[in-house]
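Commentary on secondary and tertiary structure
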Amino acid sequence: MSKLDQILILDPPSDLRFKGPFTDVVTTNLKLRNPSDRRVCFKVKTTAPRRYCVRPNSGVIDPGSSVSISVMLQPFDYDPNEKSKHKFMVQTIFAPPNVTDMESLWKDAKPDDLMDSKLRCVFELPSENDKVNDVEATRAAPVMNSVKAESSAAAVPVAAGADDAEMKKVLEKCKRLQAEMNKLSEENRQLKEEGLRMRKMPRSDHMTPNSTSLLGREASTASLPSLLVVIAAIFIGFFIGKFIL
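Summarised in this report is the structure supplied together with it.

Conventions we followed
Residues numbered from 1 in each chain as written. Predicted model: local features only at pLDDT ≥ 70, side-chain atom pairs only at ≥ 80, totals over all residues. Heavy atoms only, no water. Helix = DSSP H or I, 4+ residues; strand = E, 2+ residues; numbered from the N terminus. Buried < 20%, exposed > 50% of the residue type's maximum accessible area, 1.4 Å probe, protein only. Contact = heavy atoms within 4.5 Å. Areas by Shrake-Rupley, 256 points an atom, 1.4 Å probe, with all protein chains shown as cover. Pairing = 2+ DSSP bridges. Axes fitted to C-alpha atoms, helices over the stretch in contact; angles between N-to-C directions. Salt bridge = Lys/Arg side-chain N within 4 Å of Asp/Glu carboxyl O.

**Considering the overall build of the protein**
Scanning the protein from terminus to terminus reveals four helices and nine strands. Going residue by residue from the N terminus, the α and β elements of the protein occur as β-β-β-β-β-β-β-β-α-β-α-α-α. For the protein, the proportion of its 245 residues judged to be buried stands at 25%. Residue pairs in contact within the protein that sit at least 24 positions apart in sequence constitute 72% of those at least 6 positions apart. Surface exposure of the protein reaches about 17,500 Å², of which carbon and sulfur atoms provide 56%.

Take a look at the structure:
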């Protein structure tokens, strides 16, 4: 009985290409697609298991489904004159109904039931154009970061300047209010002194119009300081509350 052809469709079909530099982990992807109407078990093997990490390295693919496999090449000292001899093999078998023990399935599988595909590993160094692009990207990154930092830093003084200007306006208004209060307090003090002098003068049955007017002004201004303080406090509180909120 002849060996079965591979039922899965592999992408890429024959080569796994790894692009350097190889000073860090290099990852390439292998896609397996199941075009059949049966479930297929798969297993990925390599001739250099210590050099690669494969995730997932085995599993079951449902009919019409696919799976993406990450093949990670570990860092190593690359020699361009050394030809790569690393190879991978994707081994598959049709899954029996209600399969649970995958280890026993592969162990007891008959050679005629197995299907496989082989892939070779190809190592590539970056081209000159790729190197130039990488260098330009590396140089551009600090510049872009610097521009972003300057933009964000410039936004802070603008906001701070606006707050300072608002605070100055509020303080100026408070100073004007304070000056007006002092002026009114001084006028009120003078009126009180005039009222006291009028009280000390001998009273007569007939008061002059001027004395009557003066006493009226004294009475009307007796409650003036407390009223001014209340109005000023409300006004100052309004502006300070507006600035803080």
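**Brief notes about unusual backbone geometry**
Generally, phi is negative for residues other than glycine and the peptide bonds are trans, each holding for most cases. The residue after Asp11, namely Pro12, is reached through a cis peptide bond having omega 5°. Tracing the backbone through its elements, the reader meets Pro12 in the loop between β1 (9-11) and β2 (15-19). Here the residue pair Gly20 and Pro21 is connected by a cis peptide bond, since its omega of 5° sits within 30 degrees of zero. Here Pro21 shows up in the loop between β2 and β3 (26-33). Phi is positive for Asn98, close to 55°, though the residue is something other than glycine.

**Considering the environment of Val54**
Residue position: Val54 is located in strand β5 (residues 52-55). Of the residues examined, Val54 reaches a relative accessible area of 9% and is grouped as buried. Setting aside its immediate chain neighbours within four residues, Val54 contacts Val44, Ile69, Ser70, Val71 and Phe88.

**Re the sheet that holds β5**
Reading across from one edge, β1-β3-β7-β5 is the order of the four strands in this open sheet, with antiparallel pairing throughout. At either end of the open sheet lies a strand with only one pairing partner, and these are β1 and β5. Averaged over all neighbouring strand pairs, the angle between strand axes comes to 20°, with direction disregarded. Across three bridges, the pairing between β1 and β3 is antiparallel. From the neighbouring strand, Leu10 faces β3, where its bridge partner is Leu32.

**Points about the pattern of salt bridges**
Within this structure, the stated rule accounts for four salt bridges. A salt bridge links Arg17 to Asp15, with the nearest nitrogen and oxygen atoms 3.7 Å apart. Arg17 sits in the partly exposed class, given a relative accessible area of 42%. One salt bridge in this structure joins Glu124 and Arg17, with 2.6 Å as the shortest N-O distance. Separated by 107 residues along the polypeptide, Glu124 in strand β9 (residues 115-124) and Arg17 in strand β2 bring together distant segments of the chain. Here the salt bridges share partners, and the residues they tie into one network are Asp15, Arg17, Arg120 and Glu124.

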